Amino acid sequence: MLLSSSSRKCDRCSLAELWHRVSVYPERLADLVLKNVEPGTVVYLEGNLETKIFTDPVTGLVRRIREVAIRRNGRVVFLGKAGDMQQPSSAELRGVGYY
């Protein structure tokens, strides 16, 4: 999943947008996040920064990808979105091991 973040710089009143690669583990939590996140949703994410290193099969170059990995010790909080925000139910959260 790719998410963007934006920040406003006061000195020039410009808006900067950054993109972040996010991986959510375990799979049940990832399914819950994908079900509730759509464009315009505001989400607070807390996880570990991880770097994945692999060799590109086409070019043979070593590539590095940095991502936010949200595991059992991480946090996902749905803060709201442009339209009507429906929070995940407590039963759904208990089903993936979070209260």
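1. Examining the confidence of the model for the chain
Low-confidence regions, as indicated by low pLDDT, have predicted coordinates that should not be scrutinised in detail.
And step 1. The predicted model of the chain has a mean per-residue pLDDT of 76, with 66% of residues at 70 or higher.
And step 2. Mean pLDDT across the elements of the chain ranges from a minimum in strand 1 (residues 2-9), with 58, to a maximum in strand 4 (residues 48-55), with 91.

2. Concerning a nonpolar patch on the surface
And step 1. Where nonpolar side chains cluster on the molecular surface, the patch consists of Val42, Tyr44, Val77 and Leu79 and spans about 340 Å² of accessible area.
And step 2. Mapped by element, the contributors of at least two residues to the nonpolar patch are strand 3 (41-46) and strand 6 (75-81).
And step 3. Structurally, Val77 is set in strand 6.
And step 4. Looking at Val77, the relative accessible area reads 30%, which means it is partly exposed.

3. Regarding the side chain of Glu67
And step 1. As for its position among the elements, Glu67 is in strand 5 (residues 62-70).
And step 2. Here Glu67 falls in the buried class, since its relative accessible area comes to 3%.
And step 3. At 2.9 Å, the side chain of Glu67 forms a polar contact with the side chain of Ser23.
And step 4. There is a polar contact of 3.2 Å between the side chain of Glu67 and the side chain of Lys52.
And step 5. When neighbours within four sequence positions are excluded, Glu67 is seen to be in contact with Arg21, Ser23, Tyr25, Asn48, Leu49, Glu50 and Lys52.

4. Focus: unusual backbone geometry
And step 1. Along the chain, Tyr25 connects to Pro26 via a cis peptide bond; the corresponding omega equals -5°.
And step 2. Within the element layout of this structure, Pro26 appears in the loop between strand 2 (14-24) and helix 1 (27-36).

Scoring rules and cut-offs
- Residues numbered from 1 in each chain as written.
- Predicted model: local features only at pLDDT ≥ 70, side-chain atom pairs only at ≥ 80, totals over all residues.
- Heavy atoms only, no water.
- pLDDT = per-residue confidence, 0-100.
- Helix = DSSP H or I, 4+ residues; strand = E, 2+ residues; numbered from the N terminus.
- Patch = residues over 30% accessible without salt bridge, like charges linked within 9 Å, V, L, I, M, F, W, Y side chains within 5 Å.
- Areas by Shrake-Rupley, 256 points an atom, 1.4 Å probe, with all protein chains shown as cover.
- Salt bridge = Lys/Arg side-chain N within 4 Å of Asp/Glu carboxyl O.
- Buried < 20%, exposed > 50% of the residue type's maximum accessible area, 1.4 Å probe, protein only.
- Polar contact = N/O pair within 3.5 Å; in protein donor to acceptor, adjacent residues only side chain to side chain.
- Contact = heavy atoms within 4.5 Å.

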